[in-house]
Amino acid sequence: MPSPPPTSPISPIERAADSFAAELSRWRVERGLTKKQLATQMGFDPSYVSHVEGRRHRPTEDFARRAEAVLSAGGAIWLRFQEYDDLRHSRAGAQPQRDPPVPEQWMPPGTGLIVEQEVATLAFVGDDYRCVIRRSLYNAGTEPVTRYLVRVAVDRYPEDPERSNRHHRDHPLTFAELDLQAWCDDPPAREPMEWRKKHDRDAFKEVWLLFENANGRFPLYPGERVTIEYAYTVGQEKWGRWFQRAVRLPTRRLTVRLDFPTDLDAQVWGVATSLSSEEAPLRTPVTRRPEGDRTWFEWSTDSPTLNARYRLEWRFRAAVPRVDVAPDLSVSNGRRASVPVSLLHPDPAVAPELARPAQPAAVVVPAQRHAPRTPSERMRSVGVVQRGSALLAHPAVPLRLPVDAAAGRDVVDRLFEALERIEEMHIFSKGVGLAAPQVGLAVAIAVVRPPDPAAEPLVLVNPRVVDSSPSVDERYEGCLSFFDVRGLVPRSLRIQVEHADWSGLKRLTTFERGLARLVAHEIDHLEGRLYDERMPPGAALVPITEYRETGRPWNY
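This one's a predicted model, so the numbers in the text were calculated from it and none came from an experiment. (Residues numbered from 1 in each chain as written. Predicted model: local features only at pLDDT ≥ 70, side-chain atom pairs only at ≥ 80, totals over all residues. Heavy atoms only, no water.)

A.B. asks: Describe the sheet that holds strand 23 (residues 464-468), with residues and values.
C.D. replies: The strands making up a sheet are joined through hydrogen bonds of the backbone, oriented either antiparallel or parallel. Spatially, 23-26-27 is the arrangement adopted by the three strands of the open sheet, whose pairing is antiparallel. The open sheet has two edge strands with one neighbour each: strand 23 and strand 27 (506-512). Across the sheet, the mean angle from the axis of one strand to that of its neighbour is 30 degrees, orientation sign disregarded. Pairing of strand 26 (residues 494-500) with strand 27 involves seven bridges; the strand directions are antiparallel. Bridging from a neighbouring strand, valine 497 pairs with threonine 509 of strand 27. Of the strands in this sheet, strand 23, strand 26 and strand 27 touch helix 12 (residues 513-526), which is tilted by about 125 degrees from strand 27. (Pairing = 2+ DSSP bridges. Helix = DSSP H or I, 4+ residues; strand = E, 2+ residues; numbered from the N terminus. Axes fitted to C-alpha atoms, helices over the stretch in contact; angles between N-to-C directions. Contact = heavy atoms within 4.5 Å.)

This is the structure in structure tokens:
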């Protein structure tokens, strides 16, 4: 009987490739992603991810970079790739053609700014909440960093969105009361940081912290590390009982701390949301540590996923001193009185049911007794008008500019306030838009946030599509007004839109690809059309429970 042929020993480079595939699979499962979901977030074909995990394809540097960034593996995936790549180049006898190594680097070179550690502390002292954020930053990019984006959002009554919106319109958050201060580095090299406003709204502020002050500039250069700290104050009359941290940059470790008076007998819990999962309890418990008349609550996580949100919530079982505020006198029929009735209601001859002065039930949402469970219930809970309302079935009213400019700006503010609340509940990696009819205002205004968080949002006043390219593609869309389903919608890859500025001057802007789709979707709302009306005859909507690619980017 002939002996079987001898098997070849596994080479070091094959073992390294196997180690990479095993590390990739381990982190994918840890993050709760299917191969298809991981592929769409990385921008790869699903079969390629399957082949790499099955050891049928060897990893490339681009693949390893994207996998590390999407899975936030704390450098483990990138380290396995470097071991494989070093062996591959060593066998080839060639010098590696990649970025020079940086000591203690845990993410691929060129990643950009990295948060190696964040410690966020919220203390309740007297009648105020004092927030202190400390971040250890590392520049893994190729350019100096000269500014850092900071966001402050408040929500006094998270269980009652309409009440909260009215409250913050009458009692807006101001920069003066925030008393925002920021510093770079630790003593004795500690430097104060100047800051510049980016967005200033009633319940939301956004500023750039600048790596400079009156004495000079101190950019964060590639390969350098620094610690920044900033602090601000918000009175309890404007701060709801929740504290949320959003992971907008690759982060190695996140710690959240609450510091409360012991005699308030606080009960604290937490929830997490990510691109791959709906809201769920934190995977590890919040710890509690009494220290005299103060009690500390703390929660930490390593290598949180990019775009994840972690929120600590609490209630005080003992009585809290009541903060009285002036009564809300600016609302009539559930709407702000400064917006003219002519802008809130279309022509009675066109839609008589909308012209009645009655308060629309879809706009004012009562406080709920339990947390909304489905995506559509969550959207309804923050005041988004749902499918079936006549507001979504009729064209919106164009503004008469410049006469209606002030009222139009008020509508824009209300749209952005609603978007802030919506974005606290769901992550939109493809961008997001909101039209005035979706918040109960029959006005021809819409706002769009592009997918890039650094890009300026779009404000569209009296927009209409005047030209579109013959090139069309199909992508899945969702709508905040019926968020439990997704539909495959054909749209032009390029559209030209006529819209107005506040003086009434007409402008033409061209939008392409993903941004064209977002803009066209919102203009459809202003024309009384929903996206399913553009789907091919017989095409079915896909329930969100069956649609497993929620949050994936549109790849063109």
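We are not done yet, so read on.
A.B. asks: Could you give me a rundown of the environment of proline 470, with the residues and numbers involved?
C.D. replies: Within the secondary structure layout, proline 470 lies in the loop between strand 23 and strand 24 (472-477). Residue proline 470 is classed as exposed on the basis of its relative accessible area, which comes to 80%. In this structure, the C-alpha to C-alpha distance between proline 470 and isoleucine 495, residues 25 residues apart in sequence, is 9.8 Å. (Buried < 20%, exposed > 50% of the residue type's maximum accessible area, 1.4 Å probe, protein only.)

A.B. asks: Tell me what's going on with the environment of arginine 507, and back it up with residues and numbers.
C.D. replies: Within the secondary structure, arginine 507 is located in strand 27. For arginine 507, a relative accessible area of 41% gives the class partly exposed. C-alpha separation for the pair arginine 507 and proline 463, spaced 44 residues apart in sequence, amounts to 9.5 Å. Residues in contact with arginine 507, not counting those within four places in the same chain, are Val497, Glu498, His499 and Asp501. In this structure the side chain of arginine 507 is engaged in a polar contact, spanning 3.0 Å, whose partner is the side chain of aspartate 501. (Polar contact = N/O pair within 3.5 Å; in protein donor to acceptor, adjacent residues only side chain to side chain.)

Remember that the coordinates give geometry; whether it matters functionally is a separate question.
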